[in-house]
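An overview of the molecular structure
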Amino acid sequence: DGGITQSPKYLFRKEGQNVTLSCEQNLNHDAMYWYRQDPGQGLRLIYYSQIVNDFQKGDIAEGYSVSREKKESFPLTVTSAQKNPTAFYLCASSSSDRGGFSNQPQHFGDGTRLSIL
Amino acid sequence: GNSVTQMEGPVTLSEEAFLTINCTYTATGYPSLFWYVQYPGEGLQLLLKATKADDKGSNKGFEATYRKETTSFHLEKGSVQVSDSAVYFCALSPREGGKLIFGQGTELSVKP
């Protein structure tokens, strides 16, 4: 079955440590996204990529980094510069049509819950 | 700028009650509109969408109509079930860029 796989499901970070969250999709989608979700809040965009080897900052990119070396993969690194990393992280992907990406829904993974030790 | 405002939750209903979750938006141009649902501990699933004015999206008994004149996309269901208990997110995608902008979510709890 096609879909998005995020791993691990739970992750713990120590002080001063960088951690990397994995996101893989087999939907052949061009675009991939990372969101952060805090309790009782909507989703906030961290980074997104619409093509391999290219990505753009979202609304809350500080303290995070990404890469897009393959179409299927869009890992997110939470660096030690992110002082409040505890959150639920969601990865998504979408295809495009003649109108671009705006008409196409995003497909989400099941998320990674990151906590500080 | 672009933004989405949803009615605050939690919303608690009895089984078979009528559901409305209000969503209004601010956007330049003509965005696409979406409703997503999130069950506990999971990611978001697309519930329905509408890409132009007066379009009605529908799925699993849920409906929403894209109202340009009132900049609204209210979610409705005629008879809710316990299994509909979840958090519902309204979102818009501007014509340019394709990024999704989410409302804050509305938690729905349906009691038997």
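Each chain has its residues counted from 1, running along the sequence as written. Think of it this way: whatever chain is written first is A, whatever ligand is written first is 1, and the rest follow in order. Residues qualify for local features only when their pLDDT is at least 70, as the model is predicted, and side-chain atom pairs are given and counted only at 80 or more; totals for whole chains, interfaces and linings, by contrast, use all residues. Only hydrogens and water are removed before side-chain values are computed, so all heavy atoms of the structure are retained for them.

All names here are of chain B. Numbering goes from the N terminus for both helices and strands, where a helix is a DSSP run of H or I of at least four residues and a strand is a run of E of at least two. If you trace the backbone, Thr71 turns up in the loop between β8 (62-65) and β9 (75-77). Judged by its relative accessible area of 32%, Thr71 falls in the partly exposed class. In the structure, Thr71 is positioned 48 residues away from Cys23 in sequence and 8.6 Å away in space, judged by C-alpha atoms. Contacts between residues were defined by any pair of non-hydrogen atoms, one from each residue, lying within 4.5 Å. When residues no more than four places from it in sequence are discounted, the contact partners of Thr71 are Cys23, Thr24 and Tyr25. Whether a residue is buried, partly exposed or exposed follows from its accessible area with a 1.4 Å probe, protein chains only, as a fraction of its type maximum: under 20%, in between, or over 50%, in that order.

Right, let's talk about the interface of chain A and chain B for a bit. With 23 residues of chain A at the contact, the number on the chain B side is 22 residues. We define buried area as the total accessible area lost by two parts upon association, computed with a 1.4 Å probe and summed across both. Surface buried jointly by chain A and chain B totals about 1,600 Å² across both partners, of which 51% is contributed by carbon and sulfur atoms. Salt bridges, as used here, are contacts in which a Lys or Arg side-chain nitrogen is within 4 Å of a carboxyl oxygen on Asp or Glu. At the boundary of chain A and chain B, one finds 0 salt bridges. We define a polar contact as two N or O atoms separated by no more than 3.5 Å, with the added condition that, inside protein, one atom must be a possible hydrogen donor and the other a possible acceptor, whereas residues neighbouring each other in sequence contribute only through side-chain atom pairs. Where chain A packs against chain B, one counts 2 residue pairs in polar contact (both at pLDDT 80 or more). Sorting the residues of the side of chain A that touches chain B by element identifies β4 (31-37), β5 (43-51) and β9 (87-94) of chain A as the ones contributing at least two each. Ranked by the residues each element gives to the side of chain A that touches chain B, the list is headed by β5(A), at 4 residues. Any residue that is not Ala, Val, Leu, Ile, Met, Phe, Trp, Tyr, Cys, Pro, Asp, Glu, Lys or Arg is counted as polar, Gly included; the first ten are nonpolar and the last four charged. Of the residues belonging to the side of chain A that touches chain B, the class tally is 10 nonpolar, 11 polar and 2 charged.

Here the focus is the sheet that holds strand β8 (residues 76-78) of chain A. Residues and elements named next belong to chain A. The strand order across the open sheet built from 4 strands is β1-β3-β8-β7, with neighbouring strands paired in antiparallel fashion. Bordering the open sheet on either side are β1 (4-7) and β7 (64-66), each of which pairs with just one other strand. Neighbouring strand axes in the sheet, compared pairwise and without regard to direction, differ in orientation by 20 degrees on average. Strand direction decides the pairing type here: β1 and strand β3 (residues 19-25), joined by 4 bridges, are antiparallel. Paired with Ile4 across the bridge in β3 is Gln25. Here a strand pair is declared whenever DSSP counts at least two bridges between the two strands. Axis definition: a line fit to C-alpha positions, over the contact stretch in the case of helices; interaxial angles, taken between N-to-C directions, run 0 to 180 degrees.

For the rest of this paragraph, the subject is the state of the cysteines. What counts as a disulfide here is a pair of cysteine sulfur atoms lying within 2.5 Å. Tallied over the entire structure, the rule returns 2 disulfides over all chains. Disulfide pairing places Cys23(A) opposite Cys91(A) at an S-S distance of 1.9 Å. Negative torsions about the S-S bond denote left-handed disulfides, and the value of about -75 degrees found for Cys23(A) with Cys91(A) makes this one left-handed. Of the two residues, Cys23(A) sits in strand β3 while Cys91(A) sits in strand β9, which places them 68 residues apart along the sequence. In this structure, Cys23(A) and Cys91(A) share a single accessibility class: buried. Shown here is the disulfide that connects Cys23(B) with Cys90(B), its sulfur atoms set 2.0 Å apart. Judged by the torsion about the S-S bond (-70 degrees), the Cys23(B)/Cys90(B) disulfide is left-handed. You can see Cys23(B) sitting in strand β4 (residues 23-26) and its partner Cys90(B) sitting in strand β10 (residues 86-93), a full 67 residues away along the chain.

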